Amino acid sequence: MIQQIYPTVSHPYSYELNKDLQFAAAHRIPADQAGKCRELHGHTYFANITVAGDELDESGFLVNFALLKQLIHGRFDHTVLNDDTESFSDLEADRFPTTEVVARTIYELVQHHLDQTANRPRCVQVFLRETPTSYCLYRPKPENAHA
Ligand SMILES: Nc1nc2c(c(=O)[nH]1)N=C([C@H](O)[C@H](O)COP(=O)(O)OP(=O)(O)OP(=O)(O)O)CN2
Ligand SMILES: [Zn+2]
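Residues numbered from 1 in each chain as written. Chains lettered and ligands numbered in written order. Predicted model: local features only at pLDDT ≥ 70, side-chain atom pairs only at ≥ 80, totals over all residues.

Just to check I follow, could you spell out the site of ligand 1 for this structure?
The full set of residues close to ligand 1 is Ile29, Cys37, His43, Thr98, Thr99, Glu100, Glu130, Thr131, Thr133 and Ser134. For the shell around ligand 1, the elements supplying multiple residues, two or more each, are helix H2 (99-114) and strand E4 (122-131). Taken together, the residues of the shell around ligand 1 sort by class into two nonpolar, six polar and two charged. (Near = placed C-beta within 6 Å. Helix = DSSP H or I, 4+ residues; strand = E, 2+ residues; numbered from the N terminus. Nonpolar A, V, L, I, M, F, W, Y, C, P; charged D, E, K, R; others polar.)

In structure tokens, the structure reads:
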């Protein structure tokens, strides 16, 4: 079980939910500065996804916790991230599967789903831990988070 205190994000909404999930994946960072991380290696990633909004859906949910797990764990668990060419690329640094880019990609996948719901909650933060000593936070710009 994941138990951690996460950084808080300020937002104007009345409801906020948080979903912890984990997935095992391999990656390589195709940059000279990446050193040993240029080689294929694996991590157990821990993600915390924060969703906020003012309206609930017909189930009384902002969004179903299980749906968030399905979107992210279902897509990335036991994969090689570099092979997921819809999300990542070995040719553009902004799409290398770094912690930063994976965190942003999780945001994009979650928000894309939320944009299709009637109650339209917003993903306001993604926390992604790659190693015991390394993590990244992704927060959309306010105009995207509060649209
Ligand atoms: N800004 C980033 N820097 C690094 C990333 C990254 O995604 N963003 N990734 C790596 C490697 O892929 C590696 O997985 C993580 O590196 P690091 O934290 O250095 O891992 P260690 O286990 O060796 O950390 P120690 O604290 O030294 O034990 C590298 N950099
Ligand atoms: Zn790595």
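What am I meant to see in the sheet that holds strand E2 (residues 41-53) here?
Hydrogen bonds between backbone groups are what pair the strands of a sheet, and the pairing can be parallel or antiparallel. Pairing is mixed in the open sheet, where five strands are placed in the order E3-E1-E2-E4-E5. Among the strands making up the open sheet, the edge pair consists of strand E3 (79-80) and strand E5 (134-138). Across the sheet, helix H1 (residues 65-76) is in contact with strand E1 (15-27), E2 and E3; its angle to E1 comes to roughly 15°. Most of the contacts of H2 go to E4, to which it runs at about 150°, and overall it touches E2, E4 and E5. (Pairing = 2+ DSSP bridges. Contact = placed C-beta atoms within 7 Å. Axes fitted to C-alpha atoms, helices over the stretch in contact; angles between N-to-C directions.)

What exactly am I supposed to notice about the packing of H1 against H2 here?
Each packed pair of helices is defined by two parameters, the angle between the axes and the distance between the axes. Contact geometry of H1 with H2 gives a least axis separation of 10 Å together with a crossing angle of 135°. The orientation of H1 with respect to H2, classified from their angle, is oblique. You can see that H1 and H2 cross each other, and the crossing is right-handed. Where H1 abuts H2, its residues Leu68, Leu71 and Ile72 lie against Ile106, Leu109, Val110 and His113. (Parallel < 35°, antiparallel > 145°, perpendicular 65-115°, else oblique. Left-handed = near helix turned anticlockwise from the far one by under 90°.)

Any chance you could explain unusual backbone geometry here in plain terms?
Backbone phi values are negative for most residues with the exception of glycine, while trans is the configuration of most peptide bonds. One non-glycine residue, histidine 78, adopts positive backbone phi at about 55°. Looking at where histidine 78 falls in the secondary structure, it is placed in the loop between H1 and E3. Judged by C-beta crowding, with 10 C-beta atoms within 10 Å, histidine 78 ranks as exposed. Notably, arginine 120 is not glycine yet its phi reads approximately 45°, a positive angle. Note on arginine 120: 13 C-beta atoms within 10 Å, which makes it partly exposed. (Buried ≥ 20, exposed ≤ 12 C-beta atoms within 10 Å, placed from the backbone.)

How should H1 be read in this particular structure?
An α-helical segment advances 3.6 residues per turn. Residues three or four places apart therefore align on the same side. Helix length check: H1 (twelve residues) gives 17 Å between terminal C-alpha atoms against 16 Å at 1.5 Å per residue, within 8%. Elements that come into contact with the buried residues of H1 comprise E1, E2, E3 and H2. Of the residues trailing H1, histidine 78 is marked for its positive phi of about 55°. (Expected span 1.5 Å × (residues − 1).)

Help me understand the confidence of the model for the protein, please; the structure alone is not making it clear to me.
Should the pLDDT be low somewhere, the predicted coordinates at that spot are not to be read in detail. Considering every residue of the protein, the mean pLDDT works out to 95; 95% of them sit at 70 or more. Confidence estimates for the predicted assembly give a pTM of 0.95 and an ipTM of 0.95. (pLDDT = per-residue confidence, 0-100.)

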